[in-house]
Every structure is written in C-alpha cells, then in structure tokens.
Amino acid sequence: MIEHFGTLSDGTAVQRCTLERAGVRVRVLSYGGIVQSLETPDRAGRRADVVLGFAGLEDYVAHPGPYLGALVGRYANRIAGGRFTLDGVTYALGRNDGPNSLHGGERGFDKRVWDMTPAGPHGVRLHRVSPHGEEGFPGRLEVSATYELEESGALRISYEAVTDAPTVVNLTNHSYVNLAGSGPAEGHELRIAASRFTPVDADLIPTGIASVEGTRFDFRVPRGTGSGYDHNFVLDKGVTAEPVEAAELHHPASGRVLTVSTTEPGLQLYTADHLDGPFAPGAGIALETQHFPDSPNRPEFPGTVLRPGEVFRSRTVYAFSVR
C-alpha cells in the first residue's frame, strides 16, 4: 500500500509504502529510500519494530546525520580528501566529514525524493536520476532500488544503476538494528564471516587490509559487539553473483535472529557511538553491506567503477527468524 506521508518545505510530496508478509511488516519512504520501520515477532510471537526510525518526515529532515534507515550513495562510506581520479581526470566531491566525502556528500541519495511505484504484490521500486556533477560525481546515473518481502518474510533490497559516463558507485542501506525492539542495543551476539578487516586512520580512512586474528575485530565466532566500531570487514566470500551469508545478529533474550546475505564484498559494522537527535549512542547496530571505503583511491580494493554499457547490480537479503 502506497500512501501520502508528508510534504517537504519546497512543496514536494513524500510517499510511504507498507509491505507485509509472513508476520513481517516494513514501511519504506520515498524520501531517502528510508526503511522507516520493520516489525518482526520474537520467540513468543510478539511483534516489535527492530530498526530505528522517526514517526514524522520533519524529524528525518531535522536529523539527517545518522542516516536512519536510508539508501546512501552515490558512494556509501568515505572517500579520502573528497576527491578521486578516474581515467586521468580528478573529481572534487562534496566534503561533509572533515576533509572527506561521506555517504555521497552534503546532499546524497538519503536526502532526495525518489519516484515510488509498486513492484508486484510484495514489493516497491524506487527510482531516480542523479545528474552529471551531483555532489561532484561524474556521469548521469540512473538508479533503482527494489524492496521486496520474500515468502519467508525476508527483506530483499536489489539495486541497479547505469551511467552515460565513467563514474563510481557504492550503494547500501543504513538501518540501525535493535532486535530487542527498544532501549539500548545491548545483549546482542554478532558473527561476521570475515577473517580480515580494513584498519583505519584518525579520519576513518582505510590504511590497508589486516587479519582479525587475535584482535577485537574477530567475529568469526559469535560474541558481543560492545562499542567503538566503525570499520569495514572484508568478507571471506568476496564479490558474488548471488547473495551469500555474511553475518548473523542474535538477541538471546527475545530470540530474534537477523541473517544478512549479500553480493557485496564488505560489511561496515557501526555501533552507533555518535548517534544524535532523540536516540542515545549505542541504540542500534548498523550492518552496512557495501564495497570498501575509499576504493576509488585504492586500486588494490575491489573496484567500484561503472562504465557506459555496464549495469551495476547489488543485492542484500535481511532474513528474520527466532531461536
């Protein structure tokens, strides 16, 4: 069901789509491609919202910093110095994270209104055209993101993009998960199928690739997350044509389990230590499936270049269960 959700100060209407299947209910906004809420049952069958979100449009506009539930791009995560060179041409990007470009710049995809249309009985498709030069990125990029509930109640997000000039693309969803349904995101156990990660400098830019062995970044066996994480994990599976399991988040008290599968080679773990607005630090856990930060400046990382005639495709599945 698609309904009117609100109106921006410039008069642009924002829509909301509600999808429901197999006991899962998800609400998606045309503003920022935001997953506003996602309700799923615990082991006793009690349904609760397990992602952080605001009730009204005005709150999303007033508190853009956390990227709550948003579709972020053109480039998810950070690009060092707000610039990169492609085919011998250097592009200067919007800098909104100190010296760096973060999540597409000052006004990335998370602050744009997308065209919203149904995609079958259990899905919705968002579409927009990002013009050449938007936030400094080259090429006219036509992007779609389809949110669909599978028969099991799993949420699948499928991204596609094409360009008329060489550019870079890295898209993800920035939902903060709290399987308890409310309060601090404590008592979760996390497993990540990654034997390596990308250490970062003081500006959270990768300095290379290192083993998780013997470090606090070793989540190959489930354990508590704690705090202090805003790091990319190098998934052992690499880039895949079909989604492969990358991580599992379990909340023993409620029994809820989130399993994340993706075609992407990386997963950013952010423990929300710097949340602002009405949500306290540590109120949720972000598991962002994506390519690595600063890949346009790091030829040794999996590539993020998209050229005319190619199609960017990425899929991530968020499956819910109890135990």
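Whatever comes next refers back to the structure up there.
Being a predicted model, the structure only gives us computed values, none of them experimental. (Residues numbered from 1 in each chain as written. Predicted model: local features only at pLDDT ≥ 70, side-chain atom pairs only at ≥ 80, totals over all residues. Heavy atoms only, no water.)

A closer look at the environment of Ile-285
If you trace the backbone, Ile-285 turns up in strand β25 (residues 285-290). Ile-285 sits in the buried class, given a relative accessible area of 2%. Taking the C-alpha atoms as reference, Ile-285 lies 9.6 Å from Tyr-229; in sequence the two are 56 residues apart. With residues up to four places along the chain from it excluded, the contact list for Ile-285 reads Ser-175, Tyr-176, Val-177, Ala-185, His-188, Thr-225, Leu-249, Leu-269 and Tyr-270. (Helix = DSSP H or I, 4+ residues; strand = E, 2+ residues; numbered from the N terminus. Buried < 20%, exposed > 50% of the residue type's maximum accessible area, 1.4 Å probe, protein only. Contact = heavy atoms within 4.5 Å.)

Concerning the nonpolar core
Core analysis: the largest hydrophobic core is formed by 52 residues, its most contacted members being Tyr-147, Ile-192, Leu-258 and Leu-287. Apart from residues lying up to four places away in sequence, Tyr-147 is in contact with Leu-19, Val-28, Gly-33, Val-35, Leu-71, His-122, Gly-123, Val-124, Leu-126, Leu-155, Arg-156 and Ile-157. One finds Leu-8, Leu-57, Ala-76 and Ala-286 within the second-largest nonpolar core, a separate group that totals 23 residues. (Core = buried A, V, L, I, M, F, W, Y, C linked by side-chain atoms within 4.5 Å.)

Description of empty space enclosed by the protein
Rolled over the atoms, a probe sized like a water molecule indicates the empty space that remains. Applying the stated criterion across every chain, the model contains three cavities of 30 Å³ or more. The space that makes up the largest cavity amounts to roughly 150 Å³. Val-51, Asn-173, Ser-175, Val-177 and Tyr-318 are, among the 16 residues lining the largest cavity, the residues nearest its centre. Of all elements in the fold, only β4 (35-41), β14 (155-163), β16 (172-174), β25 and β27 (312-322) reach the threshold of two or more residues within the lining of the largest cavity. The element best represented in the lining of the largest cavity is β25, accounting for four residues. A breakdown of the residues in the lining of the largest cavity according to their chemical character gives 12 nonpolar, three polar and one charged. Considered as a void within the structure, the second largest cavity measures approximately 70 Å³ in volume. Taken together, Tyr-31, Ile-34, Tyr-60, His-63, Pro-64, Tyr-67, Leu-68, Ala-70, Asp-110 and Lys-111 form the lining of the second largest cavity. For the lining of the second largest cavity, the residue count by class is seven nonpolar, one polar and two charged. (1 Å grid on protein atoms, 1.4 Å probe; cavity = no way out; pocket = protein on both sides within 12 Å on 5 of 7 lines; lining within 4 Å. Points joined across faces, edges and corners; volume = space filled by probe spheres on them. Nonpolar A, V, L, I, M, F, W, Y, C, P; charged D, E, K, R; others polar.)

Observations concerning the layout of surface pockets
Approximately 430 Å³ is the volume attributed to the largest pocket. As for the largest pocket, its lining consists of 26 residues, of which Gly-65, Tyr-67, Arg-78, Leu-102 and Tyr-270 are closest to the centre. A per-class count over the lining of the largest pocket returns nine nonpolar, nine polar and eight charged. In this structure, the second largest pocket encloses a volume near 250 Å³. If you go around the second largest pocket, you meet 16 residues; those closest to its centre are Val-239, Glu-264, His-291, Phe-312 and Arg-313.

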